[in-house]
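Examination of the molecular architecture
Now for the letters of each chain:
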Amino acid sequence: MILVCGGAGYIGSHMTAYLQERGKEVVVVDSLVMGHRESIKDTKLYVGDLCDSDFLGKVFSENPIEAVIDFAAFSLVGESMTAPLKYFGNNVGGTIALLETMLKHDVNKIVFSSTAAVYGKQEVIPIPETAATRPENPYGASKLMVEDILKWCDSCHGLKYSVLRYFNVAGAHPSGNIGEDHSPESHLIPIIAQAALNKREKVTIYGDDYLTPDGTCIRDYIHVMDLVEAHDLALGKLRQQNQSHTYNLGNGKGFSVKEVIETFEKVIGRTIPKEVANRRPGDPAVLIAGSEKAMTKLNWQPKYNSLETIISTAWNWHSKNPYGYARSVLNE
């Protein structure tokens with residue numbers, strides 16, 4: 001049985017669906033602070049805080065868990081700058097409690113959801129796993145702290161891990177039954193969808209004077225289904241070789257903010273209101289993943305790797321579920 005922490009969140013719910021579609025037994029832990037019970041339907045769910053060791057002990061005692069996939073974290077960069085202790089307490093403290101419980105119950109394999117935010121600004125693009133880690137916000141710093149903790153748990157206790165550092169996750173399950181539903185929303189593609197659905201006035205482009213072909217920031221977008229497949233492959237590799245590794249996950253190519261908006265307009269067949277504003281502090285001009293290691297070592301190959309496909313699956317979810325999992329204006 002696989003424990004998916006944060007399994008009712010955006011990525012976690014897609015991971016849960018992916019595993020179950022392949023006949024694998026899953027149990028989910030989620031606080032439902034950011035996750036949605038509706039996203040995992042009949043899956044066995046324990047609602048609680050990862051920082052609560054007694055709660056975790058109950059989960060591990062009642063289920064034959066043999067490996068963990070951990071998505072549970074606060075992940076808003078801006079919020080982390082105003083509430084750093086909240087991020088360190090939850091993201092680092094929760095993972096420590098999880099690792100202690102794993103060791104107590106002789107569970108020694110974990111796939112950990114990290115982030116490209118551990119790299120900060122980089123001169124070499126695409127960014128390889130060997131690049132210096134210098135996070136510029138508490139969110140990225142909290143993830144890097146956990147990476148260091150995992151290394152020591154491997155060295156001292158033999159607990160094996162796969163760390164997956166990924167870039168901009170987007171898209172939705174091909175069925176359109178689960179997708180991205182954050183409040184507040186901070187990701188570009190759902191924000192464009194909200195503007196297309198008249199749920200926000202316009203899309204704001206933060207800066208069009210970067211040293212890029214059209215002046216807007218360039219980012220590497222990876223489809224959520226490709227991402228969760230990589231987690232499954234990483235867990236399989238852990239089982240086969242019992243060796244810890246760190247991998248970047250991305251398409252290896254970037255798209256500008258303007259390209260994303262224009263492609264969205266192409267997919268839905270109409271124009272979306274937008275305006276240019278000043279740059280946001282700390283936004284790098286270009287972030288692209290070097291994912292050759294994952295492709296080579298895990299035999300991973302993104303299948304939803306065109307921007308049009310990524311946006312089409314996102315729009316399929318948002319157009320069917322304009323109020324996300326709430327289903328009605330009253331519950332928005």
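Just above sits the structure.
These lines cover the structure that appears in this document, whether it is placed above or below. The structure presented is a predicted model; accordingly, all values stated were derived computationally and were not measured. Within each chain, residues carry numbers counting from 1 in the order of the written sequence. Only residues with pLDDT of at least 70 get local features here, since the model is predicted, and only at 80 or more are side-chain atom pairs given and counted; chain-wide, interface and lining totals rely on the full set of residues. The basis for the side-chain values is all heavy atoms of the structure; hydrogens and waters are excluded.

Another aspect to go through is the overall build of the protein chain. Segments assigned H or I by DSSP are reported as helices when at least four residues long, segments assigned E as strands when at least two residues long, and all are numbered from the N terminus. The number of helices and strands found in the protein chain is ten helices and 14 strands. When accessible area is computed with a 1.4 Å probe and restricted to protein chains, residues below 20% of their type maximum are described as buried, those above 50% as exposed, and intermediate ones as partly exposed. Here the protein chain holds 332 residues, and 55% of them are scored as buried. Whether two residues are in contact is decided by their heavy atoms: any pair within 4.5 Å suffices. Summarising the internal contacts of the protein chain: among those between residues at least 6 apart in sequence, 77% fall at separations of at least 24.

As a further point, take helix α2 (residues 53–62). Here α2 has its buried residues at Phe 55, Leu 56, Gly 57, Val 59 and Phe 60. Buried residues in α2 make contact with β1 (2–5), β2 (26–30), β3 (44–47), β4 (67–70) and α4 (84–104). N or O atoms closer than or at 3.5 Å make up a polar contact, with two conditions inside protein: a donor-capable atom paired with an acceptor-capable one, and, for residues adjacent in sequence, both atoms drawn from side chains. Two to three positions downstream of the cap, the backbone nitrogen of Asp 54 sits 3.1 Å from a side-chain oxygen, assigning the N-cap of α2 to Asp 52.

Turning to the packing of aromatic side chains, a few remarks are in order. Stacked, edge-to-face and tilted labels apply to pairs of Phe, Tyr and Trp rings (six-membered ring for Trp) whose centres lie within 6.5 Å, assigned for plane angles under 30 degrees, over 60, and everything in between, in that order. Summed over all chains, the structure comprises three aromatic pairs. Aromatic side chains Phe 264 and Trp 315 sit 5.7 Å apart centroid to centroid with 80° between the ring planes, which places their arrangement in the edge-to-face category. Of the two residues, Phe 264 sits in helix α8 (residues 257–268) while Trp 315 sits in helix α10 (residues 307–320), which places them 51 residues apart along the sequence. Accessibility expressed as a relative area gives 0% for Phe 264, which makes it buried. A ring pair is formed by Trp 317 and Tyr 325, whose centres lie 4.9 Å apart and whose planes are at 45°; its orientation type is tilted. You can call Tyr 325 buried: its relative accessible area is 4%. In this scheme, Lys NZ or Arg CZ marks a charge over a ring once it lies within 6 Å of the ring centre and within 35 degrees of the ring normal. Arg 22 extends its terminal NZ or CZ atom over the ring of Tyr 18, reaching a point 3.5 Å from the ring centre. It is Arg 279 that lies over the ring of Tyr 210; its NZ or CZ is 3.9 Å from the centre.

Taken in spatial order, the three strands of this open sheet run β12-β9-β14, and their pairing is mixed. Each edge of the open sheet carries a strand with a single partner, namely β12 (255–256) and β14 (286–287). Pairing geometry for strand β9 (residues 218–219) and β14, over two bridges, is parallel. Counterpart to Arg 219 in the pairing with β14 is Leu 287. By the convention used here, strands pair only if DSSP detects at least 2 bridges between them.

Attention now goes to the pattern of salt bridges. Should a side-chain nitrogen of Lys or Arg be within 4 Å of a carboxyl oxygen of Asp or Glu, the pair is scored as a salt bridge. Throughout the structure, instances matching the rule amount to 14 salt bridges. Look at the salt bridges and you will find they share partners, linking Glu 201, Lys 202 and Glu 275 into a network.

A separate point is the packing of helix α6 (residues 188–196) against α8. An axis is simply a line fitted to the C-alpha atoms; with a helix, the fit covers only the stretch in contact. Between two such axes, the angle follows the N-to-C directions and lies from 0 to 180 degrees. For the pair α6 and α8, the least separation of the axes is 11 Å and the interaxial angle reads 45°. With respect to α8, the element α6 is oriented oblique. Crossing handedness for the pair α6 and α8: right-handed. Touching Leu 188, Ile 189, Ile 192, Ala 193 and Ala 196 of α6 are Val 257, Val 260, Ile 261, Phe 264 and Ile 268, all from α8. As a working rule, the residues Ala, Val, Leu, Ile, Met, Phe, Trp, Tyr, Cys and Pro are called nonpolar, Asp, Glu, Lys and Arg charged, and the rest polar, with Gly in that last group. A class-by-class count of the residues in the contact of α6 with α8 yields ten nonpolar, no polar and no charged. Relative orientations are named as follows: roughly parallel for angles under 35 degrees, roughly antiparallel for angles over 145 degrees, roughly perpendicular for angles from 65 to 115 degrees, and oblique for any other angle. Crossings are sorted by hand: turned counterclockwise from the far helix by less than a right angle, the near helix makes the crossing left-handed, and turned clockwise it makes it right-handed.

Before going further, it helps to examine helix α5 (residues 138–157). Expected span of a helix: the number of residues minus one, times 1.5 Å. A rise of 1.5 Å per residue sets the reference length of α5, with its 20 residues, at 28 Å; its end C-alpha atoms lie 27 Å apart and thus fit the reference within 8%. All buried positions along α5 are accounted for by Pro 138, Tyr 139, Gly 140, Ala 141, Ser 142, Lys 143, Leu 144, Val 146, Glu 147, Leu 150, Cys 153 and Asp 154. Buried residues along α5 sit in contact with α3 (77–82), α4, β5 (109–115) and β6 (160–166).

Moving on to the pairing of β1. Two faces, one strand: in a regular strand the side chains alternate between the faces of the sheet. Covered by surrounding structure in β1 are Ile 2 and Val 4 together with Leu 3 and Cys 5, the residues of both alternating faces. In this sheet, β2 lies alongside β1 in parallel orientation, the contact comprising four bridges. Counterpart to Ile 2 in the pairing with β2 is Val 26. Note that β1 and β4 share four bridges and pair parallel.

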